[in-house]
Amino acid sequence: MIGKLKQNMLLACLIISSITVFYLGRHAMECHHRVEERSQPLALALVGSTLRTGQNHSSNTFVYNKDMPLIFIGGVPRSGTTLMRAMLDAHPEVRCGEETRVIPRILAMKQMWSRSGREKMRLDEAGVTDEVLDSAMQAFLLEIIVKHGEPATYLCNKDPFALKSLTYLAKIFPHAKFILMIRDGRASVHSMISRKVTIAGFDLGSYRDCLTKWNRAIETMYTQCLEAADKCLPVHYEQLVLHPEKWMRTLLKFLDIPWNEAVLHHEELIGKAGGVSLSKVERSTDQVIKPVNVEALSKWVGKIPSDVLRDMPVIAPMLARLGYDPHANPPNYGRPDPKVLDNTRRVSLSLWTCRFFYWGGHTMTKPKATIFIFSPCSCLMYQPSTHTLFRHIIPKQRN
């Protein structure tokens, strides 16, 4: 009796074990298939990624992927990157938008991981290979670029130091193109010091230190730009503002984007739907609301200490390599187009500190605001203390 009971119990255990093994095996197979699907490069998933832009999803779906013709604008800060992106933003088929700030940081982190042999070994051991990281970087950067602004045929990113990773960006975005903004380092450094633009690693109390750091940064980006010659176009800020039409035509041809006159009048599209969106906290905002002009080209002359000027060829050898005369003070950048000369005259006449006139003759003093008149009856104003950008209708004064 006891023997038979043992047999029945063993049989029951065998059946239960078989069922358990069957279900566990089936579950394991399902997990295996899911892991296989998830381990495919994220780029495959991105092919089907969409951004919904309206209620009617069937007609307003924007599909984006790593093979898009992305545009990256970069350079040392205070080198005209904001002007370049504003001019491109004026094109009806292009959207750049404000600096994301996160893109150069995540790229710098990726560089740090790659340069550290010990860290790379640990990541490889954990299964976080270069392929996994590249797929993750593609997905992250693409989401930021696509979703921080409105959809457009051509999307661009302007984060100046992102081009320190130009070679890597060209690898993970094979159809991307790059615009490297180059400016006389003396002008860039004077601008960041005089406007107190904080840049990590730059000592704003020292022209010598800032010029040394400028030289190192532009050398890194320029070298990578030359290596990717068919994908990267160096643009000198001075030549862009002296001859805007010539250089914008060259640029749009390089980017395979149709010509549009709007790129020469970006200031007219600021704050308008589908036009140029400006950040209230970026330090270049008060400058790019003006039409293209030459007033900033030589502001640095007479401001740099004499000992730094004397040592300039040693401190910043990239000046000569980029075509600037390190001994010229002031330099001769060239003659501006007639239209640019006209813009410069209008800008110099329209800068004023304002008082608002009420009907009845009373006045109210506002904090200092920079005014740029674009018509006889209205002006666009930027108030630095509150980072406010607004348009004001100038009232007629009573006789």
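Just so we're clear, the structure is a prediction, and the values are computed from it rather than from any experiment. (Residues numbered from 1 in each chain as written. Predicted model: local features only at pLDDT ≥ 70, side-chain atom pairs only at ≥ 80, totals over all residues. Heavy atoms only, no water.)

### Some thoughts on the overall build of the protein chain
Here is step 1 of the chain: Within the protein chain, the secondary structure is distributed over 16 helices and twelve strands.
Here is step 2 of the chain: Burial statistics for the protein chain: of 399 residues in total, 42% are counted as buried.
Here is step 3 of the chain: Of all intrachain contacts in the protein chain linking residues separated by at least 6 positions in sequence, the fraction that spans at least 24 positions is 69%.
Here is step 4 of the chain: A total accessible area of about 21,700 Å² is found for the protein chain, and carbon and sulfur atoms account for 58% of it. (Helix = DSSP H or I, 4+ residues; strand = E, 2+ residues; numbered from the N terminus. Buried < 20%, exposed > 50% of the residue type's maximum accessible area, 1.4 Å probe, protein only. Contact = heavy atoms within 4.5 Å. Areas by Shrake-Rupley, 256 points an atom, 1.4 Å probe, with all protein chains shown as cover.)

### What about the environment of Ser277?
Here is step 1 of the chain: Its location among the elements puts Ser277 in the loop between helix H11 (244-255) and helix H12 (285-288).
Here is step 2 of the chain: Residue Ser277 is classed as partly exposed on the basis of its relative accessible area, which comes to 39%.
Here is step 3 of the chain: In this structure the C-alpha to C-alpha distance between Ser277 and Ala86, which are 191 residues apart in sequence, comes to 8.1 Å.

### As for the environment of Phe161
Here is step 1 of the chain: Relative to the helices and strands, Phe161 resides in the loop between strand S5 (154-158) and helix H7 (166-172).
Here is step 2 of the chain: Phe161 gets classed as partly exposed once you look at its relative accessible area, which sits at 21%.
Here is step 3 of the chain: Separated by 60 residues in the primary sequence, Phe161 and Arg101 have C-alpha atoms spaced 9.4 Å apart.
Here is step 4 of the chain: Filtering out sequence-adjacent residues up to four positions away, Phe161 remains in contact with Gly75, Val76, Pro77, Pro104, Ile199, Phe202, Ala217 and Met221.

### Examining the packing of helix H8 (residues 185-194) against helix H9 (residues 207-227)
Here is step 1 of the chain: Across the interface, H8 lies against H9 with an axial gap of 10 Å and an inter-helix angle of 125 degrees. With respect to each other, H8 and H9 are oriented oblique. In terms of crossing hand, the pair formed by H8 and H9 is right-handed. For the pair H8 and H9, contact is made by Gly185, Arg186, Ser188, Val189, His190, Met192 and Ile193 and by Tyr207, Cys210, Leu211 and Trp214, respectively.
Here is step 2 of the chain: Class assignment for the residues of the contact of H8 with H9 results in seven nonpolar, three polar and one charged. (Axes fitted to C-alpha atoms, helices over the stretch in contact; angles between N-to-C directions. Parallel < 35°, antiparallel > 145°, perpendicular 65-115°, else oblique. Left-handed = near helix turned anticlockwise from the far one by under 90°. Nonpolar A, V, L, I, M, F, W, Y, C, P; charged D, E, K, R; others polar.)

### Section: the packing of aromatic side chains
Here is step 1 of the chain: Applying the stated criterion across every chain, the model contains three aromatic pairs.
Here is step 2 of the chain: Centre to centre, the rings of Phe72 and Phe178 are 5.5 Å apart; their planes meet at 15 degrees, and the pair counts as stacked. Residue Phe72 is located in strand S3 (residues 71-74), and its partner Phe178 is located in strand S6 (residues 177-182); the two are separated by 106 residues in the primary sequence. Just as Phe72 is buried, Phe178 falls in that class too.
Here is step 3 of the chain: For the ring pair Tyr324 and Tyr333, a centre distance of 6.4 Å and an interplane angle of 85 degrees mean the geometry is edge-to-face. The same class applies to Tyr324 and to Tyr333, which are both buried. (Phe/Tyr/Trp six-rings, centres within 6.5 Å; stacked < 30°, edge-to-face > 60°.)

### What to know about the confidence of the model for the protein chain
Here is step 1 of the chain: The share of residues in the protein chain with pLDDT of 70 or more is 72%, and the mean pLDDT across the chain is 81.
Here is step 2 of the chain: Confidence drops under a pLDDT of 50 for residues 392-399, and excluding neighbours within four residues, the segment shows 16 contacts in the predicted structure. (pLDDT = per-residue confidence, 0-100.)

### A short note on the side chain of His190
Here is step 1 of the chain: Here His190 lies in helix H8.
Here is step 2 of the chain: Here His190 is in contact with Tyr207, Lys299, Trp300 and Lys303, once residues within four sequence places are set aside.

### What to know about unusual backbone geometry
Here is step 1 of the chain: For the peptide bond that leads from Asn329 to Pro330, omega is 10 degrees, which places it in the cis range.
Here is step 2 of the chain: Relative to the helices and strands, Pro330 is located in the loop between helix H15 (318-321) and helix H16 (338-350).
Here is step 3 of the chain: Of note in this structure, Arg78 is not a glycine but carries a positive phi near 70 degrees.
Here is step 4 of the chain: Tracing the chain through its elements places Arg78 in the loop between S3 and helix H3 (81-89).
Here is step 5 of the chain: One non-glycine residue, Asp256, lies in the positive phi region at around 60 degrees.
Here is step 6 of the chain: Mapped onto the elements, Asp256 comes out in the loop between H11 and H12.

### A few points about the pairing of S6
Here is step 1 of the chain: With respect to burial, S6 is a largely interior element, five of its six residues being buried.
Here is step 2 of the chain: Sheet topology note: the S3/S6 ladder contains four bridges and is parallel. Pairing of Ile73 across the sheet is with Ile179, part of S6.
Here is step 3 of the chain: Pairing between S6 and strand S7 (residues 232-236): five bridges, direction parallel. Note that in S7 the partner of Leu180 across the bridge is Pro234. (Pairing = 2+ DSSP bridges.)

### Quick word on the sheet that holds S3
Picture the strands of a sheet paired through backbone hydrogen bonds; they go either parallel or antiparallel.
Here is step 1 of the chain: Pairing in this open sheet of five strands is parallel, and the strands run S4-S5-S3-S6-S7 from one edge to the other. Because the sheet does not close on itself, it has two edges, and the strands there are strand S4 (94-95) and S7.
Here is step 2 of the chain: Strand direction decides the pairing type here: S3 and S5, joined by three bridges, are parallel. Opposite Ile71, over in S5, you have Cys156 as the bridge partner.

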